[in-house]
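Chains, contacts and geometry: an overview
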Number of protein chains: 4
Amino acid sequence: MRILLTGFDPFGGEPINPALEAVKSLDGRTVAGASVSVCELPTARWRSLEVLKGAIAKLDPDIVISIGQAGGRFDITPERVAINVDDYRIKDNDGNQPVDEAIETEGPTAYWSTLPIKAMVSAMKEAGVPASVSNSAGTFVCNHVFYGLMHILAQEGNRRKGGFIHIPYLPEQAARLGGQPSMSLDCIVGGLEAALAAAVTVDEDHKKVGGTIC
Amino acid sequence: MRILLTGFDPFGGEPINPALEAVKSLDGRTVAGASVSVCELPTARWRSLEVLKGAIAKLDPDIVISIGQAGGRFDITPERVAINVDDYRIKDNDGNQPVDEAIETEGPTAYWSTLPIKAMVSAMKEAGVPASVSNSAGTFVCNHVFYGLMHILAQEGNRRKGGFIHIPYLPEQAARLGGQPSMSLDCIVGGLEAALAAAVTVDEDHKKVGGTIC
Amino acid sequence: MRILLTGFDPFGGEPINPALEAVKSLDGRTVAGASVSVCELPTARWRSLEVLKGAIAKLDPDIVISIGQAGGRFDITPERVAINVDDYRIKDNDGNQPVDEAIETEGPTAYWSTLPIKAMVSAMKEAGVPASVSNSAGTFVCNHVFYGLMHILAQEGNRRKGGFIHIPYLPEQAARLGGQPSMSLDCIVGGLEAALAAAVTVDEDHKKVGGTIC
Amino acid sequence: MRILLTGFDPFGGEPINPALEAVKSLDGRTVAGASVSVCELPTARWRSLEVLKGAIAKLDPDIVISIGQAGGRFDITPERVAINVDDYRIKDNDGNQPVDEAIETEGPTAYWSTLPIKAMVSAMKEAGVPASVSNSAGTFVCNHVFYGLMHILAQEGNRRKGGFIHIPYLPEQAARLGGQPSMSLDCIVGGLEAALAAAVTVDEDHKKVGGTIC
């Protein structure tokens, strides 16, 4: 069993991206019997999905999980749903700033993650890592890649599972930025390992409350 | 032109619901030439949509906007997208607490609001009322009614516009609860009036950034 | 009985200051039998206390309460303690930006408010206005005036009561700034009236928990 | 040179206290040439200071730093000022819940930390650990011990330096509690090491802005 894990290059003025650091730490590892391969994605509207498609074609993975930085969040958040819109508050790394444009003109309004997100959250918490389900991956390149990934997997017939996980800033970023929560790389990597193991081993997601009132 | 405005009855132990108070204040008013009628919805999974359907059938409105309480938010937030899932962190007023169940088994994953949400946010801000686009209406009865409404409107051929707006607690609620932001009824009602006027008069939504990074 | 109420002029790039708007609304009113007079203070390290001294000398009030804007807070917060330090994160309106300098070289480290802050918080909540005790008035001009006021009153023998109340942004400020809680002018003014009435009528403060763990 | 580091036992229903875990990790270490000794304090109004006095008498340290858990904070915060009041929102571990009682009836309203808090914050940030000055240590046992410590040191003639540092929850606590920021033990310990080194080596604190507007 093969897992493809992706992380973005830095954006928004940051010199590092915790997602890239985290996935690099997991490259080549075996988690619950599955081997982890890693691919760096550009934080760029068009190029991100091209690189992702190439990596999927090359590795032929069973599971694809994209990891992204969520500045301001303090826990690891598997995303529930990707929406078919690009509405960028800042420019991406190629200078694109689309407003309310579809990601896939012919695509559905949204795709669910096909990962067992409740089981992944439970596994992370049991490992002592703060985690919760998120109901919005935003409308920037993270959501773009999440939607694009689920569109690719749907067109293939959903024979691979896939989804997206947001992670907090690293402490070194928060020390620089001020006023922001963070999570250490060890903690993030430990959480992702637990989440990957759940993704590999859990076929039907747990029926555990993970919703929000609004 | 007729606008149907709905507000929920109180839930979660609260004696009042700001959404109901706000819509009552707007009942019978004329906004941008459109007359406003109001309907109270039960905060209950099954009954909420029954009542909503009845009110739509009776009034035959051009625009339907549901208003709901968003405890913890400090501005008025038109919702962008409704998702096809019930995942209730607390029980609704009839004791239902579904986990990860579809709202419409045959429905799409999500529906967009068909209201001009960017124009509505701009109109509220120009009126001095804090407002922003929200990308998640949660997974409780608010999202249930939002999704159910958009499903009804879609099945009719989208000849009516519709959507959902979340509003903060009232000051009297926050005074009791502690540690929560709030907005006065006057401010909420003023904001909703500006939003309704935009909904009536704006055909194609403004191309203004309203997205979030995550 | 006479109450002197002060409010600051706008600072930090804001065109208005809610404290000034709120006290102007209360000017000339009678609260619990006490007449309210109002004085505008410059948000300036040295001039603020000169103007305050002049106003106290002129009115000879029984109670002096300074009101200041607390951007980011969502309730009305009577301050418990003023500390003898100026450490300005931004420049004041005269361009001063002292770092870790004493307000009064010979003064004590801190002064308590001599207002019945717990009773004032209770009175505001009973009036439906969100309120809580604050244990830090910051280290900018608000704390400077609070400390300076209590120093003046102490040197006079504490025959007048005095203290400081922080209030949130107005909605029109939050609508412009984005991402900030606010409180309407009516709500602020209603809360301050309830607080003033408690300040006039309560001699010994209520023994109600109002502390924080940290 | 000898440093006495104290940490509290768990309170408020928590099975662990990050302060105790962190100081245990530093016990016996040498930091900037100073040896670190550790003492566990009960989270109890009266006993905490008795144990602290005994530890000071026994070790005769040059520097005394108490560490406490600040649930809800996301960075390490050296405290600027201790205030002479006990106002406990919850009971301490001995069942005490004083409201607005003095810690030392004859003591001053407040004591400054005599640690170089700005230099400590800078040292932590340079080490990649999020940190900032705090202007309130609350009104619970943490502030009680901070005030009591500074009172002891003042009565001795301030020949020892002393102060208080608040630290966030550990990830394993936040994973259980939900909705709370955290910091890993490694990150906390690394930050405290940098802070201790600054406390040992910096005689006159840096003139760096560390204040808040309110």
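Position numbers for residues count from 1 along each chain, tracking the sequence in the order it is written. Numbering of ligands from 1 and lettering of chains from A proceed in the order in which they are written. Residue-level local features of this predicted model are given only where pLDDT is at least 70; pairs of side-chain atoms are given and counted only at 80 or more, and the full residue set underlies all totals for whole chains, interfaces and linings. The side-chain values count all of the structure's non-hydrogen atoms but skip hydrogen atoms and water molecules.

**Observations concerning the relation of the copies chain B and chain C**
- Here the copies are superposed with least squares, the fitted atoms being C-alpha atoms of residues at a pLDDT of at least 70 in both. For the match of chain B to chain C, the screw axis carries a shift of 0.0 Å, the RMSD comes to 0.0 Å, and the turn is 180°. In symmetry terms, the pair is related by a two-fold rotation axis.
- Here a residue-residue contact requires only that any non-hydrogen atoms of the pair lie within 4.5 Å. Taken together, the interface assignments show that 100% of the residues at the interface of chain B recur at the interface of chain C, consistent with an identical surface on both copies.

**Description of the relation of the copies chain A and chain B**
- Overlay of chain A on chain B (RMSD 0.0 Å): rotation 180°, translation along the axis 0.0 Å.
- Mapped onto chain B, 100% of the interface residues of chain A again fall at the interface, so both copies present the same surface.

**Let's talk about the pattern of salt bridges**
Residue and element names in this part refer to chain A.
- The term salt bridge refers to a side-chain nitrogen of Lys or Arg lying within 4 Å of a carboxyl oxygen of Asp or Glu. The final tally for this structure, using the stated rule, is 52 salt bridges over all chains.
- In this structure, Arg160 and Asp60 form a salt bridge, with 2.6 Å as the shortest nitrogen-oxygen distance. Here the residue Arg160 occupies a position in the loop between helix 4 (141–155) and strand 8 (161–167), and Asp60 occupies one in the loop between helix 2 (45–59) and strand 4 (63–69), the gap between them amounting to 100 residues. The numbering of helices and of strands both runs from the N terminus, where a helix is a DSSP run of H or I of at least 4 residues and a strand a run of E of at least 2.

**Comments concerning the interface of chain A and chain B**
- Taken together, the 39 residues of chain A in the interface contact 39 residues of chain B.
- Joining two parts hides part of their accessible area as seen by a 1.4 Å probe, and the buried area is that hidden amount summed over both. Carbon and sulfur atoms make up 63% of the area that chain A and chain B hide from each other, which totals about 3000 Å².
- The three residues of chain A that bury the most area against chain B are Trp112, Ile213 and Cys214 of chain A, which together make up 23% of that side's buried surface.
- Summed over the shared surface of chain A and chain B, the number is eight salt bridges.
- Two residues, Asp87 of chain B and Arg80 of chain A, come together in a salt bridge whose shortest N-O distance is 2.7 Å.
- Counted as a polar contact is a pair of N or O atoms within 3.5 Å, where, for protein atoms, one must be capable of donating a hydrogen and the other of accepting one, and residues adjacent in sequence contribute only when both atoms are in side chains. Linking chain A to chain B there are 19 residue pairs in polar contact (both at pLDDT 80 or more).
- Broken down by secondary-structure element, the contributors of at least two residues to the side of chain A that touches chain B are strand 6 (81–83) and strand 7 (110–112) of chain A.
- Counting residues per element, the side of chain A that touches chain B draws most heavily on strand 7 of chain A, which supplies three residues.
- Tallied by class, residues from the side of chain A that touches chain B come to 16 nonpolar, 14 polar and nine charged. Note on residue classes: Ala, Val, Leu, Ile, Met, Phe, Trp, Tyr, Cys and Pro are nonpolar, Asp, Glu, Lys and Arg are charged, and everything else, Gly too, is polar.

**Observations concerning the packing of aromatic side chains**
- Only the six-membered ring of Trp is used, alongside the rings of Phe and Tyr, when aromatic pairs are assigned; centres must lie within 6.5 Å, and planes under 30 degrees apart are stacked while those over 60 apart are edge-to-face, with the rest tilted. With the rule as written, the count across this model stands at 20 aromatic pairs over all chains.
- Ring centres of Tyr111 of chain A and Tyr147 of chain A lie 5.0 Å apart, and the angle between their planes is 55°; on these two criteria the pair is classed as tilted. With Tyr111 of chain A in strand 7 and Tyr147 of chain A in helix 4, this pair connects stretches of sequence that are 36 residues apart. Like Tyr111 of chain A, the residue Tyr147 of chain A is buried in the burial classification.
- Ring centres of Phe11 of chain D and Phe140 of chain D lie 5.5 Å apart, and the angle between their planes is 50°; this geometry places the pair in the tilted category. Categorising residues by exposure relies on relative accessible area from a 1.4 Å probe, with only protein chains included: less than 20% of the type maximum marks a residue as buried, more than 50% marks it as exposed, and the intermediate range marks it as partly exposed.

**Regarding the sheet that holds strand 2 (residues 30–31) of chain B**
All names here are of chain B.
- The strand order across the open sheet built from six strands is 2-3-1-4-8-5, with neighbouring strands paired in mixed fashion. Where the open sheet ends on each side, the last strands, each with one partner, are strand 2 and strand 5 (77–78).
- When strand 4 (residues 63–69) meets strand 8 (residues 161–167), the two strands line up parallel, connected through seven bridges. Within strand 8, the residue paired with Ile67 across the bridge is Ile165. In this description, strands pair whenever DSSP reports at least two bridges between them.

**So, the interface of chain B and chain C**
- Opposite the 16 residues of chain B that make contact, chain C presents 16 residues.
- Of the roughly 1200 Å² buried at the junction of chain B and chain C (both faces included), carbon and sulfur atoms supply 67%.
- Summed over the three residues of chain B that lose the most area to chain C, namely Phe74, Pro130 and Ala175 of chain B, the buried surface amounts to 39% of that side.
- Our enumeration of links across chain B and chain C arrives at zero salt bridges.
- Counting the contacts that link chain B with chain C gives three residue pairs in polar contact (both at pLDDT 80 or more).
- When residues of the side of chain B that touches chain C are traced back to their parent elements, those giving at least two are helix 5 (171–177) and helix 6 (185–201) of chain B.
- Examining the composition of the side of chain B that touches chain C, we find that four residues originate from one element, helix 5 of chain B, more than from any other.
- Here the side of chain B that touches chain C is built from residues that sort into eight nonpolar, five polar and three charged.

**A word on the packing of helix 3 (residues 117–126) of chain C against helix 6 (residues 185–201) of chain C**
Residues and elements named next belong to chain C.
- Look at helix 3 against helix 6: their axes get within 8 Å of each other, and the N-to-C directions meet at 140°. Considering their axes alone, helix 3 and helix 6 lie oblique with respect to each other. Crossing of helix 3 against helix 6: the hand is right-handed. Residues Ala119, Met120, Ala123 and Met124 of helix 3 touch helix 6, and the partners they reach there are Gly191, Ala194, Ala195, Ala198 and Ala199.
- Of the residues belonging to the contact of helix 3 with helix 6, the class tally is eight nonpolar, one polar and no charged. Angles shown run from 0 to 180 degrees and are taken between the N-to-C directions of axes, each axis being a line fitted to C-alpha atoms and, for helices, limited to the stretch in contact. Note that the term roughly parallel is reserved for angles under 35 degrees, roughly antiparallel for angles over 145, roughly perpendicular for angles of 65 to 115, and oblique for everything else. Here is the rule for handedness: rotate from the far helix to the near one, and if that takes an anticlockwise turn smaller than a right angle the crossing is left-handed, while a clockwise turn gives right-handed.

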